[in-house]
Amino acid sequence: MFGAGDIAALAGLWHDLGKYRPSFQRYIRGAHGLEKSHKLAGAALALRMRTGIGDLIALAISGHHGGIPSLCGAGSSLDARRTDAECELAEAVAAGAPADILAQLPPTSWNGRPNVVAPEDVVVLRELLTRFVFSALVDADYRDTAAFYDPASEARRATAAASHHSMAELRDLLDAHLNILAGKAEETPVNRQRSSILASCRAAAEQPPGIFDLTVPTGGGKTLAAMSFALRHAARHGKRRVIVVLPFTAIIEQNARVYAGILGEDQVLEHHGAYDGESERIAAWCRQHGLARAEHTRRHKLVAENWDAPVIVTTSVQFLESLHAHEPGRCRKLHNLADAVVILDEAQSIPAHLLDATLDTLRGLVRAFGVSLVCCTATQPALHARTDAQGRHRPGLGAPVPIIAEPGPLFAALDRVLVTWPDDLGTVLPWGNLAEQLRAEPQALAVVHRRQDAWELARLVGEDCLHLSALMLPDHRHRVLTDIRQRLKDRKTCRVVATQLIEAGVDVDFPVVFRALAGLDSLAQAAGRCNREGRLGPRGGRFTVFVAPSSPPPGILARAAEVTKTMLRAGPLDLADPQLYPRFYARLYDSSATDARGLGELRIQRDFPQIAERYKLIDDGGQIPVVVRWSGLGPATLAAIDRLAAGFADSEAFRLVRRASVQVPRSVATAWLVDHVLRLARNHPIPILSLADWPDRYDTTYGLRIWDEPSLSTEQLIL
C-alpha cells in the first residue's frame, strides 16, 4: 500500500509475541491479578536488529495499545523499558514461541518509495513511516478483534466497501452533474470565468502526481472545480481516494452536502466532531434506500475509524493533528492516506507557529506516500522554500504546479468590489458613526474583531440588526444565517454585524460590506461576501475598510494587521492582485516563530508523545465548552443533554451535545459554577446551563451573555 508491506508484515507477526508468556496465558484463561503485558517482547526482538527499520517496528509494536512512545529518554520511553522488554521476550521464547517467527529478519532499509531522499526529508520520512506502519498494525489488530467479538461489524464494513464506486465512476457522476449545471447557467461574466476555471482543473488533472496550487478568487466555483481535478487526477493516476480538508465545520457541512448530493451519501464520509447523523439530509437518504437511520450511524462510525471511503470531507484539526498524534485511535486511519488526492482548502489557515512542522509533514506525504496535494485558496500563502528572517533555510512544500497558469486576469475579471481604504491609519471610526452608516444601507454587513465589538455595534444599529458570533449555539447561528440568506434573496432589509466567523466560507452576498482593518487574508475573505455573484457588475459592490475602536487580539491576528498597515503605508493595496498575498504571508511568517513549539527537535529525538502534545491547531486560550439547554434545539439534542446531566450519556449523546455548546472563558465558567449558574453533569466534568433556571443568560439575538462579565480580557472575546 505504501511500499512497506514487508515491514508492516513483521510488525503484525511480532506484535503479540508476549502472549506466549505463561502469565498472559493464565490471564486469558480467567486468572485475576496477573500482569497482562504482551507488547514489549516483539519490540525487544525488533530492537535487537539494531537498524532504523528495527527501531520503527519496535515503536509501532510497543504503541499498539497505549500509543507510540518516545524512542529514548527517561520515563516510559522504549529505551528506558529495554530491560523489561528483554525479560518479556525471554519468557516468550522459553514458553515455546515458534522458531520461524523468531528467526524473521527485518529489511535493512525501506525498499519501497521514495527512491531518492533529500537530506531535508530524512527525519520526517522516518517519522511518517513509523506512523504508517503503526496505523496499519493498529487497524488490522482492531479489525481482527472486532471480527471475533462482533462479526456483524465486519459485515457492515464489507457492505459499505461493496457500495463504493471507483474514482472513474465518481468522476463520471460529477461530470454529468456539471454538464447539467452548465446547461442551466445564465450567460454572465462570473459563470464564464467559473467555466474557464473548471476547464483548467480538468486539463491539469493529467499532470503527474505532486503538489499543485489552485488560486481562485472567492466565488470562482472552486468547490466543484477542485473536486473535478481530484477525481480526474485520481482516476488517471490510480489514486485510491480524495480527502478534502477544510478549516471550519460550517464549510465542511456545506461542502459535504454538495458532494453527497452529487456522488451519493454512501460515497462521502463527513468526519468531524459536529457531524449530525440526525439531519434531514441523512434521513431522506435512509428513506430512499430503505435503511434504518441507526444502521447508517453504525456504518458511518465504522468507516470513520479508518477512513475506508472514496471521498473524505474533514477538518484541518482532524487531518493535521492525526498526522502528528500518537494514540492508536487517532492514528488508525493514517495508512489510508497513501495514494490519496488531498485538497487542502483555505491553505492559508495553517497556523504560523506550526508552519514548519506542517509543511514538512505534507511534503513527506507527497514525496514518499503517493499523495497528490492541492493547495486551494483565493489568498495563496508563501508555502514554497524560503529563507527566514534569521537566515535559516525553510524547505516548505517546494515549487507547486499551478492549476491556473496565470490567475491575474482571472482575478481582474472577477473583481467585483470597489475598495475604500482608511484615509488615516491613526484615525478610529467610532461605533456610533459606523452604526449610522449601516442604518443608511438597506442591506449591509459589518465584520469586527471581537464578540464584544459585535454586541456593542449591533445594539447601536437597532432592533432589526442581525448578529452572528460564536457566543451563539451552532443551531442558533444556522437559523440566523438561513434568515439572512432569505432576506438577501427577497431583497428585504438585512443589516448584519458579525465576528470573523462569517468569513469562514459562509456563502452570503451583500452589496455593501464594512471590515475592521485586519490581515490581508481576513480582508480578502470579507470582500468575498460582497457582490459575490457579480450581479452588481464589475466593482459594483462597496467594500469599506475602517480602523476600529478596538485592536485585533494579541498574537497572529495582531501581527497580520500590523503587516497590512506596513504595506498600506506605501499606498492603497489591490485585493484583486493574486501576487499581493504571497508577499503578505512572507512578511507575516518572517515576523512569526514558525516552529514555536520546538517540533523540529522533537522529531529528531522521535519523541512521539511530546509531538502530539505540542502539535495543536487550536489553542483554547483558557476556554472550556459549556452545554446550553436551549429550547430551540431539536428534541434528540435536548434528550441527549438530559441523559448527560443524569449521568447516562453514551457516545451518541456526546456527539449530539457538541452542537449545543459554547466556548466560555474558564474564569466565567468557574464563577458560574460557584454561583450555581452551571451544574456539572453527573459522572462527567461537563458544565451545563439550564435556561429553565437561568433564562436571562442566553439572549435570542446575541447568544450567551458573557460580555458584561467582569475581568474578561480582549483575547477571551474573539469570535
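Please refer to the structure placed before this passage.
What counts and what doesn't
Residues numbered from 1 in each chain as written. Predicted model: local features only at pLDDT ≥ 70, side-chain atom pairs only at ≥ 80, totals over all residues. Heavy atoms only, no water. Helix = DSSP H or I, 4+ residues; strand = E, 2+ residues; numbered from the N terminus. Contact = heavy atoms within 4.5 Å. Buried < 20%, exposed > 50% of the residue type's maximum accessible area, 1.4 Å probe, protein only. Pairing = 2+ DSSP bridges. Axes fitted to C-alpha atoms, helices over the stretch in contact; angles between N-to-C directions. Core = buried A, V, L, I, M, F, W, Y, C linked by side-chain atoms within 4.5 Å.

Draft legend 1. Structural view of the side chain of D521. With respect to the element layout, D521 can be found in helix α22 (residues 520-527). When neighbours within four sequence positions are excluded, D521 is seen to be in contact with T379, F584 and Y585.

Draft legend 2. Representation of unusual backbone geometry. You will see that W307, though not glycine, has its phi angle at about 55°, which is positive. Position of W307 among the secondary structure elements: in the loop between α14 (293-306) and β4 (311-315). Unlike most non-glycine residues, E346 shows phi in positive territory, near 50°. By secondary structure assignment, the location of E346 is in the loop between β5 (340-345) and α17 (355-368). Residue classification places E346 among the buried positions, given a relative accessible area of 9%.

Draft legend 3. Representation of the sheet that holds strand β18 (residues 678-680) in the model. Spatial ordering of the open sheet is given by β17-β16-β19-β18, a layout of 4 strands whose pairing is mixed. Two strands lie at the open edges of the sheet, namely β17 (661-665) and β18, each paired on one side alone. For this sheet, the mean inter-axis angle between neighbouring strands, taken without regard to orientation, is 40°. As judged from the 3 bridges shared by β18 and strand β19 (residues 687-690), these two strands associate in the antiparallel manner. Paired with L678 across the bridge in β19 is L689.

Draft legend 4. Molecular detail of the nonpolar core. Judged by nonpolar contacts, the single largest core of 157 residues is most densely connected at I57, L129, F319, I484, L520, V628 and L704. By residue number, the principal contributor to this core is helix α7 (residues 122-149), which donates 10 residues. Once residues within four sequence positions are removed from consideration, V628 is found in contact with L473, L633, I641, A660, V662, L689, L691, Y698 and L704. In terms of nonpolar packing, the next biggest core, distinct from the first, is built from 42 residues, L174, A225, V242 and L246 among them.

Draft legend 5. Structural view of the environment of G364. By secondary structure assignment, the location of G364 is in helix α17. Spatially, the C-alpha atoms of G364 and Q605 are 18 Å apart, while their sequence positions differ by 241 residues. If sequence neighbours within four positions are ignored, G364 has contacts with L125, L128 and F369.

By themselves these figures say nothing about function.
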